[in-house]
Amino acid sequence: SLYIRTGRTDQVAKKQEEEGAAADAEVIQRHHYEDIVDCARLLEQKHLDDYETRFDRILWLVISDAPKLKQHIVESYGNQDVVGSTSTQRSVSRNVITTGARGIHTRPRRKPSTNEFAEAILDWMLIGEADALVTNPSLSFGFTGAMRTSRPFYDANDECGRRIMVLEE
């Protein structure tokens with residue numbers, strides 16, 4: 001899973017407070033998602049170059065509060081063949097999927113519906129079912145989703161380093 005929180009819902013809520021309910025719902029904060037995508041691509045290469053790791057496809061689940069950003073990642077990185085280094089030459093197909101969640105549950109003054117909270121819980125549960133999570137560690141939503149099932153967590157802000165979430169003795 002790639003979890004990318006942009007703050008889009010916060011900006012939309014602020015704009016709606018200033019301009020009324022009809023404010024543009026597609027305000028998107030500039031966000032450097034590239035570190036998260038680059039980390040996911042690095043992990044792909046590491047696994048493709050590992051002779052003992054065998055898989056026949058790659059699936060990215062992109063979870064974000066920015067629908068346009070999710071669509072951009074699907075269009076830019078989905079339906080591609082990923083090729084290993086020259087030593088392995090393994091090729092695996094990558095698909096990218098998203099959910100319809102918009103992150104609206106984060107602003108109580110917008111009076112989010114039960115469905116919007118359900119979207120968030122679904123995203124959180126799906127993060128925990130993925131093989132790994134790539135995100136910014138300052139965001140507890142993704143971190144706790146991965147921690148729920150002890151999934152590996154990779155810090156896109158720290159050279160894609162793996163973070164240990166449980167004390168191992």
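Overview of the structure. (Residues numbered from 1 in each chain as written. Predicted model: local features only at pLDDT ≥ 70, side-chain atom pairs only at ≥ 80, totals over all residues. Heavy atoms only, no water.)

**Quick look at the overall build of the chain**
Threshold: In DSSP terms, a helix is any run of H or I states spanning at least four residues, a strand is any run of E spanning at least two, and both are numbered starting from the N terminus. Per-residue accessibility, obtained with a 1.4 Å probe over protein chains only, is compared with the maximum for each type, and a residue is labelled buried under 20%, exposed over 50%, and partly exposed between these values. Whether two residues are in contact is decided by their heavy atoms, any of which lying within 4.5 Å being enough.
Along its length, the chain carries five helices and seven strands. Taken from the N to the C terminus, the helices and strands of the chain come in the order β-α-α-β-α-β-β-α-β-α-β-β. By the burial criterion, 40% of the 169 residues in the chain qualify as buried. In the chain, the share of contacts with a sequence separation of at least 24, taken over all contacts with a separation of at least 6, comes to 55%.

**Thoughts on helix α2 (residues 34-49)**
What counts here: One fewer than the residue count of a helix, multiplied by 1.5 Å, yields its expected span.
Given a rise of 1.5 Å per residue, 16 residues ought to cover 22 Å, and the 22 Å separating the end C-alpha atoms of α2 matches this to within 8%. The complete set of buried residues in α2 reads Ile36, Val37, Cys39, Ala40, Leu43, Glu44 and Leu48.

**Comments concerning the state of the cysteines**
Let me state the cut-off plainly: Criterion for a disulfide: a pair of cysteine sulfur atoms within 2.5 Å.
Applying the stated rule across the entire model yields one disulfide. One disulfide in the model links Cys39 with Cys160; its S-S distance is 1.9 Å. Looking down the S-S bond of the Cys39 and Cys160 bridge, the torsion is 70°, so its handedness is right-handed. Here Cys39, found in helix α2, pairs with Cys160, found in the loop between β6 (153-155) and β7 (161-163); they are 121 residues apart in sequence, far enough to count as distant. This pair shows no difference in class: Cys39 is buried, exactly as Cys160 is.

**A word on the pairing of strand β2 (residues 57-64)**
Formally: Here, any two strands with at least 2 DSSP bridges between them count as paired.
Burial of β2 is extensive: six of the eight residues sit out of reach of the surface. Where strand β1 (residues 2-4) lies against β2, three bridges are found, and the strand directions are parallel. Across the sheet, residue Leu2 finds its bridge partner in β2, namely Val62. In terms of strand pairing, β2 meets strand β4 (residues 91-98) through six bridges, oriented parallel. Opposite Trp60, over in β4, you have Val96 as the bridge partner.

**Observations concerning the packing of helix α4 (residues 114-129) against helix α5 (residues 140-147)**
Rules: Axes here refer to lines fitted to C-alpha atoms; in helices the fit is confined to the stretch in contact. Angles between the N-to-C directions go from 0 to 180 degrees. To sort the angles, those under 35 degrees are grouped as roughly parallel, those over 145 as roughly antiparallel, those from 65 to 115 as roughly perpendicular, and the leftovers as oblique. What makes a crossing left-handed is the near helix being turned counterclockwise from the far one by less than a right angle; a clockwise turn instead makes it right-handed. Residues are sorted three ways: Asp, Glu, Lys and Arg are charged, Ala, Val, Leu, Ile, Met, Phe, Trp, Tyr, Cys and Pro are nonpolar, and all the rest, Gly among them, are polar.
Running from N to C, α4 and α5 cross one another at 55°; their axes reach a closest spacing of 6 Å. The orientation of α4 relative to α5 falls into the category oblique. For the pair α4 and α5, the crossing hand works out as right-handed. Residues Ala120, Asp123, Trp124, Ile127 and Gly128 of α4 form the contact with α5, whose own contacting residues are Phe141, Gly142, Thr144, Gly145 and Ala146. A breakdown of the residues in the contact of α4 with α5 according to their chemical character gives five nonpolar, four polar and one charged.

**Let's talk about unusual backbone geometry**
Of note in the backbone geometry, Glu159 takes a positive phi value of approximately 55° without being a glycine. Relative accessible area serves as the criterion here: at 75%, Glu159 is assigned to the exposed category. A positive phi angle is found at Cys160, which is not glycine, with a value near 65°.

**Observations regarding the pattern of salt bridges**
The line we're drawing: By salt bridge we mean one thing: a side-chain nitrogen of Lys or Arg within 4 Å of a carboxyl oxygen of Asp or Glu.
Tallying each qualifying case throughout the model produces four salt bridges. As a salt-bridge pair, Arg148 and Glu129 come within 3.0 Å of each other at their nearest N and O atoms. Here Arg148, found in the loop between α5 and β6, pairs with Glu129, found in helix α4; they are 19 residues apart in sequence, far enough to count as distant. Put simply, Asp158 and Arg163 hold a salt bridge, and the shortest N to O gap is 2.1 Å. For Asp158, a relative accessible area of 39% gives the class partly exposed. According to the relative accessible area criterion, Arg163 is partly exposed, its value standing at 26%. When salt bridges with common partners are traced through the structure, they connect Asp155, Asp158 and Arg163 into a single cluster.

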